[in-house]
Amino acid sequence: MKKEFNIIAKLVEKNSKVLDVGCGDGELMKYINENITNDIRGLEISKSNVQKCIERGLTVIEGDAEKDLKQFPKSSFDYVILGQTLQAFLNPENVITELLRVGKKAIVTIPNFGYWKVRLHLLFKGTMPITKNLPNEWYNTPNLHMCTIKDFVNYCNKKNIKINSQNLSYKNLFSQLGIFLIEK
Amino acid sequence: MNNIEKVKRLIIDKPLKLDCGQTISNFPLAYETYGKLNDKKDNAILAFHALSGDQFVSGINPITNKEGWWNYLIGPGKAIDTEKYFVICANVIGGCMGSYGPSNINPKTNKNFGTEFPVITINDMVNAQYHLLEFFKIKKLFSVLGGSMGGMQVLQFVSNFPDKSETAIPIACTASHSAQNIALNELGRQSIMADHNWSKGFYEENKKSPDKGLAVARMAAHITYLSKKGLEEKFGRKLQERDDLNFSFDADFQIESYLRYQGSVFVDRFDANSYLYITRAMDYFDLTKQFNGNLSKAFEKSDTKFFIISFTSDWLYPTSENREIVIALNSIGKNVGFAEITSDKGHDSFLLDVPDFLNTIKNFLNTSYNKLNEKRI
């Protein structure tokens, strides 16, 4: 299990109602389902991942977050989770707005482009950074909108979205991944 | 159709008011069961059949001596394991496998009903089958499922009886029969009616049935159950037992021969008037309209957990129409899963050996059943 799953799961209250957007093969959902709440379902675009979720006995809806979040009513989930897929959407701003409409709270994780190794890679090698969280080349990466932790926090502040932003400069340099609990 | 008298029948004595206004009573509902109802009576699954189906979902159909139509899905050790679950399936009213239908005798005339049989709807079919729950003393089914017209019955069942099934699996269906599908059904009906033997529906007195018309209806319908790619792969332009074109109207191509065969075997097991009545019921199905344009309202009172399934190559009941049901359920916060299964086999996929499809149902049902039992402990 990815180590951030533990951190994400801790942000979710017991027996709350959760939607995992872009739930992948259902690993995080399964963990939350077994340990935190069994009222959890996922939205996933990849057919093979949908089948993996079904094999794990999870409730999954095959669909596209950019199109299909709008069918859920306002505040229909206590938590909406978006794990490391924000940067891959055509319109991340719309997705964030939808997350905060559908969920009372949203948990968003982003690969941090401000991580020191990423910065050094670009500074010294002069090529697009490739790290554990950003494994693809520029020509085949699904990531369209890379941002740093600082960018994301600035965005939330600008849009009056509540977000915890202590020790921002430190975290922006030393974190590979940003995990945020946000709410309107 | 010999031995038809031997099928299991429930005589429904309570009057049933049909959507057309007529009331029927003391009518037969033919059914079959598989597996055993457990002591808690919490393992019962009601399966609904499609247009040309019947109550014999699994094993060998005693009337046709062919395999049950859902043999890939239902049976001992299958995705729906009848060693664990108790599966019930009934022949729809209007049908021709022992349930009340146009080939029954009209007591007023002592002749077959023919087209004097009342027009029935999906709602009527479901209301008739509801009596099976009382008959088996089942308070709540574990699941209702069905594909195509069977899926429509699933939707109608949950809408009519919101607390009578723990789970529901509508497959390759729609909440509102499309213009294209009405058109295709009308083609089949007109083909039957154009057969001289049809005699305005009273062919049984003449002992000559409209086999040609029914066969053509089946051929046309059968094409709609397949996909272009599936046809290309299975038949292409391959010739039927010949090296060259015959320059005639014989079945030169394998696809022609296949369709002719499908038409000819269908007439041995299906009644032309039933075909008219059942296709009509499908055309009249519009659950969205029943709830004044808001499909969500159909499921508002229900706590049934849904899983909806569509197939990539199904152009008869496309994913978009199945997705509308998902959207209706999500928009009122109901518990629903959805998967579009990859298959080149068209609408027929739900009857075939499509592993992702079979696994989806198996996992959904088994997980739901386990969760239910955890709750009780």
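Residues numbered from 1 in each chain as written. Chains lettered and ligands numbered in written order. Predicted model: local features only at pLDDT ≥ 70, side-chain atom pairs only at ≥ 80, totals over all residues.

Chemist: How would you sum up the overall build of chain B? Please name residues and give values.
Modeler: Regarding its fold elements, chain B presents 13 helices and 14 strands. Its C-alpha atoms give chain B a radius of gyration of 21 Å, near enough to 21 Å, the size a compact globule of 377 residues would have. The principal-axis extents of the C-alpha atoms in chain B amount to approximately 70 × 50 × 40 Å. Looking at chain B residue by residue over its 377 residues, the buried ones come to 48%. (Helix = DSSP H or I, 4+ residues; strand = E, 2+ residues; numbered from the N terminus. Rg over C-alpha atoms; globule rule 2.2 N^0.38 Å. Buried ≥ 20, exposed ≤ 12 C-beta atoms within 10 Å, placed from the backbone.)

Chemist: Residue-level account of the overall build of chain A, with values.
Modeler: Looking only at helices and strands, chain A features eight helices and six strands. Secondary structure elements in chain A, listed N-terminal to C-terminal, are α-β-α-β-α-β-α-β-α-β-α-α-α-β. Relative to its length of 184 residues, chain A is compact, with a C-alpha radius of gyration of 16 Å against a globular reference of 16 Å. Overall, the C-alpha framework of chain A stretches about 45 × 35 × 30 Å when taken along its three principal axes. A total of 184 residues make up chain A; the buried ones form 40% of that total. Partitioning the contacts of chain A with sequence separation of at least 6, the portion at a separation of at least 24 is 62%. (Contact = placed C-beta atoms within 7 Å.)

Chemist: Mind laying out the nonpolar core, listing which residues take part and the relevant values?
Modeler: Counting residues in each nonpolar core, the largest one holds 151 residues, and the members touching the most others are A:V80, B:I45, B:A47 and B:V87. The leading source of residues in this core is helix α9 (residues 272–284) of chain B, at seven residues. Beyond its immediate chain neighbours, meaning those up to four positions away, B:I45 contacts B:I80, B:Y85, B:F86, B:V87, B:L141, B:F142, B:S143 and B:L145. (Core = buried A, V, L, I, M, F, W, Y, C linked by C-beta atoms within 7 Å.)

Chemist: Tell me what's going on with the interface of chain B and chain A, and back it up with residues and numbers.
Modeler: With 18 residues of chain B at the contact, the number on the chain A side is 14 residues. Mapped by element, the contributors of at least two residues to the side of chain B that touches chain A are α12 (319–330), β14 (336–341) and α13 (355–376) of chain B. Counted by class, the side of chain B that touches chain A contains six nonpolar, 10 polar and two charged residues. (Nonpolar A, V, L, I, M, F, W, Y, C, P; charged D, E, K, R; others polar.)

Chemist: Could you give an account of the packing of helix α6 (residues 211–224) of chain B against helix α8 (residues 254–269) of chain B, naming the residues involved and the relevant values?
Modeler: Residue and element names in this part refer to chain B. In the contact formed by α6 and α8, the axes pass within 8 Å of each other and the chain directions differ by 125°. Relative to α8, α6 is oriented oblique. Judged by the twist between their axes, the crossing of α6 over α8 is right-handed. Contact residues: α6 offers D211, L214, A215, V216, R218, M219 and H222, while α8 offers L259, Q262, G263, S264, F266 and V267. The residue makeup of the contact of α6 with α8, split by class, is seven nonpolar, four polar and two charged. (Axes fitted to C-alpha atoms, helices over the stretch in contact; angles between N-to-C directions. Parallel < 35°, antiparallel > 145°, perpendicular 65-115°, else oblique. Left-handed = near helix turned anticlockwise from the far one by under 90°.)

Chemist: Got a sec to walk through α12(B)? Specific residues and values, please.
Modeler: In this model, α12(B) (12 residues) spans 16 Å end to end at C-alpha, consistent with the 16 Å of a helix rising 1.5 Å per residue. For α12(B), every residue scored as buried is listed here: B:T319, B:N322, B:R323, B:I325, B:V326, B:A328, B:L329 and B:N330. The secondary structure elements touched by the buried residues of α12(B) are β3 (59–62) of chain A together with α3 (149–160), β12 (165–171), α11 (296–299), β13 (305–311) and β14 of chain B. (Expected span 1.5 Å × (residues − 1).)

Chemist: A description of the domain arrangement of chain B should follow, citing residues and the corresponding values.
Modeler: All names here are of chain B. Here the domain parsing of chain B yields domain 1 (4–177 + 288–376) and domain 2 (182–279). Each of domain 1 and domain 2 has a C-alpha centre, and the two are 26 Å apart. Counting residues at the interface gives 26 residues for domain 1 and 21 residues for domain 2. Of the residues belonging to the side of domain 1 that touches domain 2, the class tally is nine nonpolar, 13 polar and four charged. (Domains from an automatic or database assignment.)

Chemist: Pulling in residues and values, what's your account of the environment of A:A88?
Modeler: All names here are of chain A. Inspection of the secondary structure assignment puts A88 in the loop between β4 (77–83) and α5 (92–102). Look at A88 and you get partly exposed, because 17 C-beta atoms sit within 10 Å. Separated by 58 residues in the primary sequence, A88 and M146 have C-alpha atoms spaced 8.3 Å apart. Residues contacting A88, with those up to four places away along its chain left out, are P142, N143 and L144.

Chemist: Quick one: what's the story with the environment of B:L51, residue by residue and with numbers?
Modeler: Residue and element names in this part refer to chain B. Within the secondary structure, L51 sits in the loop between β5 (44–48) and β6 (74–75). Along the backbone, L51 and Y277 are 226 residues apart, and their C-alpha atoms lie at a distance of 9.9 Å. Once residues within four sequence positions are removed from consideration, L51 is found in contact with S148, M149, I278, T279 and M282.

Chemist: Hey, could you go over the packing of helix α4 (residues 179–193) of chain B against α6(B) for me, with residue numbers and the actual values?
Modeler: Residue and element names in this part refer to chain B. Where α4 meets α6, the closest approach of the two axes is 7 Å, and the angle between their N-to-C directions is 160°. For the element pair α4 / α6, the angle class is roughly antiparallel. The element α4 and its partner α6 pack so that their crossing is right-handed. Where α4 approaches α6, its residues L184, L187, G188, S191, I192 and M193 are matched on the opposing element by G213, L214, V216, A217, A220, A221 and T224. Residues of the contact of α4 with α6, tallied by class, amount to nine nonpolar, four polar and no charged.

Chemist: Describe the environment of B:F86, with residues and values.
Modeler: Residue and element names in this part refer to chain B. With respect to the secondary-structure elements, F86 resides in strand β8 (residues 86–90). In this structure F86 comes out as buried when scored by C-beta crowding, with 21 C-beta atoms within 10 Å. Taking the C-alpha atoms as reference points, F86 and E374, 288 residues apart in sequence, are found 20 Å from one another. Residues contacting F86, with those up to four places away along its chain left out, are T33, G35, K36, L37, N43, A44 and I45.

Chemist: How would you sum up the confidence of the model for chain B? Please name residues and give values.
Modeler: Chain-level pLDDT for chain B is 96 on average; 99% of the residues reach the 70-or-more range. The ipTM value of the predicted complex is 0.91, and its pTM value is 0.94. (pLDDT = per-residue confidence, 0-100.)

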